[in-house]
Amino acid sequence: MTILTQVEQLEIEYPSSDGEPMAESDITRDYITYSIEAVKLYFQERSDVYVSANSFIYYEEGNNQAVVVPDVYVVFGVANRKRDNYKVWEEGGITPDFVLEITSETTQTKDQEIKPEIYRALGVREYFQYDPSGDYLNPILQGVRLINNQYEPIAANNIAFDTLWLFSEVLGLELHIISGELRFRVPETGEFLKTHKEENLGRLAEQQARLAAESALRSLVTQLLNSGRNLEQVAPMMNLSTLEVRRLVGENF
């Protein structure tokens, strides 16, 4: 066993990238973006959960060749803070608990042959692969769980070739493929996880719907008041208080 001096350790660099652009298709990038944003948003209140994507994980101190780059990974029991890369020895020896790889033509061999052995050795409790193209995996979503230091397949609930789901015990979430599209789902509520953008669009849609409903209600109340009815008569007809009716029509009546 080689013992490195403090100077030697300081001289070893652990880059945050290899200087090459990520060779990802639009599809791969979109699913990585969805996965990290949705899962990060789900665990945002947890200070002990770290969610990251496409960052370097160094797992041997003093050896910057001992590195793996998962598409998406989740670590429990470490600080939820920004990192340039993840060095296992600086995190108390804690390794990722969950990994998701978006498989493609260029990554298929690594994802199915090389990375599983690295993840098993690191103690990654669950490893999922998703093939959005449907060309390399059947079914297109697969998962394994670490049992007695060996990966065992996670049972898939198949509905069709491009529609199925698996349960992640580590995340407490279901991974669904719906007509080929990957989505995370909360089993207790049935809610599918959204990104920040989707959450904001949803809130905007709700706000617009409320404004449209209030506008329609204001128009109806105004019509009733214009017909000769007073506030006290219109309020019970609309199941509203007189104060609410007055708020809707302002000082016009």
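Up top you'll find the structure we're talking about.
The rules behind these values
- Counting restarts for each chain, with residues numbered from 1 along the sequence as it is written.
- Two thresholds apply to this predicted model, a pLDDT of at least 70 for residue-level local features and 80 or more for giving and counting side-chain atom pairs, whereas whole-chain, interface and lining totals are computed over all residues.
- Hydrogens and water are ignored here; the side-chain numbers use all heavy atoms of the structure.
- Residue exposure (1.4 Å probe, protein chains only): buried if accessible area is under 20% of the type maximum, exposed if over 50%, otherwise partly exposed.
- Comment: elements are numbered from the N terminus, with helices defined as DSSP H or I runs of at least four residues and strands as E runs of at least two.
- By definition, the arc is the one covered by directions from the helix axis to the C-beta atoms.
- The pairing criterion for strands is at least two bridges between them, as found by DSSP.
- By definition, residues are in contact when any of their heavy atoms lie within 4.5 Å.
- For every element, the axis is a line fit to its C-alpha atoms; helices are fit only across the contacting stretch, and the angle between N-to-C directions ranges from 0 to 180 degrees.
- By nonpolar core is meant a set of buried Ala, Val, Leu, Ile, Met, Phe, Trp, Tyr and Cys residues that side-chain atoms within 4.5 Å join together.
- Think of it this way: a Phe, Tyr or Trp ring, Trp meaning its six-membered ring, pairs with another when their centres are within 6.5 Å, and the plane angle makes it stacked under 30 degrees, edge-to-face over 60, tilted otherwise.
- Note on geometry: a ring has a charge over it if NZ (lysine) or CZ (arginine) is within 6 Å of the ring centre and within 35 degrees of the ring normal.

## Concerning helix H6 (residues 242-249)
Then step 1. Turning to H6, its buried residues are Val245, Leu248 and Val249. The buried residues of H6 all sit within an arc of 85° when viewed along its axis, so they share a single face.
Then step 2. Remark: Gly250 follows H6 within two positions and exhibits a positive phi of approximately 70°.

## Quick look at the sheet that holds strand E11 (residues 163-168)
The strands making up a sheet associate through hydrogen bonds between their backbones, and the pairing can be parallel or antiparallel.
Then step 1. Within the open sheet, the 5 strands sit side by side as E10-E11-E12-E13-E14. Their pairing is antiparallel. Lying at the two open borders of the sheet, with one neighbouring strand each, are strand E10 (157-160) and strand E14 (191-192).
Then step 2. By the bridge criterion, 5 bridges tie strand E12 (residues 173-178) to strand E13 (residues 181-186) in an arrangement that is antiparallel. Note that in E13 the partner of His176 across the bridge is Arg183.
Then step 3. Its contacts with the sheet put helix H2 (residues 26-42) on E12 and E13, and the angle it makes with E13 is roughly 5°.

## Some points on the nonpolar core
Then step 1. Grouped together as the largest cluster of nonpolar side chains are 32 residues, with contacts concentrated most on Phe98, Leu100, Tyr130, Leu171 and Phe184.
Then step 2. Of all elements in the fold, only H2, strand E1 (49-53), strand E4 (72-76), strand E6 (98-102), strand E7 (126-130), E11, E12 and E13 reach the threshold of two or more residues within this core.
Then step 3. With 6 residues, the top contributor of residues to this core is H2.
Then step 4. For Phe184, the residues in contact, after removing those within four places along its chain, are Tyr34, Ser35, Val39, Phe98, Leu100, Leu171, Leu173, Glu174, Leu175, Glu191, Phe192 and Leu193.

## Examining the packing of aromatic side chains
Then step 1. Per the counting criterion, the structure on display carries 12 aromatic pairs.
Then step 2. Ring plane angle 70° and centroid distance 6.1 Å describe the contact between Tyr50 and Tyr73, whose orientation is recorded as edge-to-face. Taken together, the positions of Tyr50 in strand E1 and Tyr73 in strand E4 put the pair 23 residues apart, joining distant regions of the chain. Tyr73 shares its class with Tyr50; the two are buried.
Then step 3. Sitting over the ring of Tyr50, Arg83 keeps its end group 4.2 Å from the ring centre.
Then step 4. Sitting above the plane of the Tyr34 ring, Arg183 keeps its charged end 4.3 Å from the centroid.

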